[in-house]
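# Inside the fold
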Amino acid sequence: MSAAVPIRHAPLAGVIGMPIAHSRSPRLHGHWLRRYGLPGHYVPIPVLPEHLAEVLRVLPQAGFVGLNVTIPHKEAVLTLADTVTDRAALIGAANTLIFRPDGKVHADNTDGYGFIANLRQNAPDWQPEAGPAAIIGAGGAARAVVASLLDSGVPELRIANRTRLRAEQIKAEFGARLVVYEWAQLGNMLDGAATVVNATSLGMEGKQPLRVPLDALSPDALVTDLVYTPLMTPLLTEAQQRGCRIVDGLGMLLHQAAPGFERWFGHRPEVDDETRQVVLE
Ligand code: NAP
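Residues numbered from 1 in each chain as written. Predicted model: local features only at pLDDT ≥ 70, side-chain atom pairs only at ≥ 80, totals over all residues. Heavy atoms only, no water.

### Comments concerning the domain arrangement of the protein
Partitioning the protein into domains gives domain 1 (12-109 + 256-280) and domain 2 (112-248). Just the C-alpha atoms count here: the centres of domain 1 and domain 2 sit 26 Å apart. Counting residues at the interface gives 10 residues for domain 1, matched by 14 residues for domain 2. When domain 1 packs against domain 2, the two sides together hide about 970 Å² of surface, and 53% of this comes from carbon and sulfur. For the interface between domain 1 and domain 2, the tally reads 5 residue pairs in polar contact (both at pLDDT 80 or more). Broken down by secondary-structure element, the contributors of at least two residues to the side of domain 1 that touches domain 2 are α4 (86-91), α10 (250-265) and α11 (273-280). (Domains from an automatic or database assignment. Contact = heavy atoms within 4.5 Å. Buried area = accessible area lost by both parts, 1.4 Å probe. Polar contact = N/O pair within 3.5 Å; in protein donor to acceptor, adjacent residues only side chain to side chain. Helix = DSSP H or I, 4+ residues; strand = E, 2+ residues; numbered from the N terminus.)

### Focus: the sheet that holds strand β3 (residues 64-69)
Overall, mixed pairing links the 6 strands, which are arranged β2-β1-β3-β5-β6-β4 in an open sheet. Edge positions in the sheet fall to β2 (41-46) and β4 (83-84), since each has one partner strand and no second. This element, helix α1 (residues 25-35), spans β1 (12-17), β2 and β3 of the sheet and lies at about 170° to β2. (Pairing = 2+ DSSP bridges. Axes fitted to C-alpha atoms, helices over the stretch in contact; angles between N-to-C directions.)

### As for the packing of aromatic side chains
Inspection of every chain in the model, using the stated rule, returns 4 aromatic pairs. Ring geometry for W32 versus F261: centroids 5.4 Å apart, planes at 70°, classification edge-to-face. Of this pair, W32 sits in helix α1 while F261 sits in helix α10, and the two are 229 residues apart along the sequence. Using a relative accessible area of 0% as the deciding quantity, one classes W32 as buried. (Phe/Tyr/Trp six-rings, centres within 6.5 Å; stacked < 30°, edge-to-face > 60°. Buried < 20%, exposed > 50% of the residue type's maximum accessible area, 1.4 Å probe, protein only.)

And the structure:
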């Protein structure tokens with residue numbers, strides 16, 4: 001990568017993806033910039049896969065200090081970045097890029113951080129080490145959740161996915177604490193689980209609900225959903241009715257954005273109710 005221009009103007013950042021118009025990140029970062037009175041701009045940038053390499057080469061020369069990355073570029077940016085954090089390499093995807101002053105591109109993944117920070121903020125008594133965690137799904141987001149839960153000290157991590165092979169692949173990469181369950185055995189997977197996570201897209205507006213029998217779910221379990229449209233997914237509604245603590249997925253979206261904002265604009269933003277409201281409007 002060639003050197004970036006010295007920054008003499010307000011720093012620029014943004015989110016690249018395709019499609020990108022639906023992204024809530026510009027609203028979130030724009031809110032934080034205004035709230036803290038910081039100079040800077042954050043824009044959505046539609047990028048086709050065939051243009052990704054060129055975009056990453058050019059933006060550092062055009063005053064950009066970094067980017068968020070979303071579908072379909074999260075995996076491809078790893079091969080284009082100059083440096084990659086261990087956690088992004090382990091997860092196999094990056095969602096945050098830092099453009100260094102010499103033009104080099106540094107890739108990180110903050111989804112796992114956002115996932116844990118959301119639970120710590122909204123269920124302060126949650127103890128990951130208290131018992132097994134059960135993860136439903138084995139896509140990109142599930143990989144970040146698995147990495148962060150293992151880091152947080154879960155004693156056992158159960159995982160089930162419609163396409164079993166993807167769950168087997170995660171076990172092969174992440175190791176001995178993982179146990180793969182059959183998709184048809186989702187209900188059994190919840191038996192004795194202290195933490196339950198929906199990391200599939202099921203339950204999203206316009207998609208089928210996640211159908212999982214909750215008879216074996218303990219009321220002591222914490223249940224969270226990565227889906228945040230709607231905030232109260234069918235899984236969360238039913239888990240709450242059974243007496244479980246629940247945490248919705250919006251906080252993960254907000255918290256995963258904070259490290260990038262701090263690196264680009266120089267201020268660690270607070271995630272609070274006002275931030276939630278701005279993104280929900
Ligand atoms: P992904 O890589 O495409 O994975 C999708 C997952 O959903 C896979 O496990 C897939 O199973 C499963 N799935 C999809 N349709 C299904 C169906 N009809 N029946 C059973 N399983 C189905 O997507 P991702 O990036 O991991 O994202 C997953 C969800 O998390 C999305 O809703 C996304 O919006 C959300 N998310 C939220 C945050 C946040 O900040 N809250 C962050 C990241 C992602 P197969 O492998 O069998 O296809």
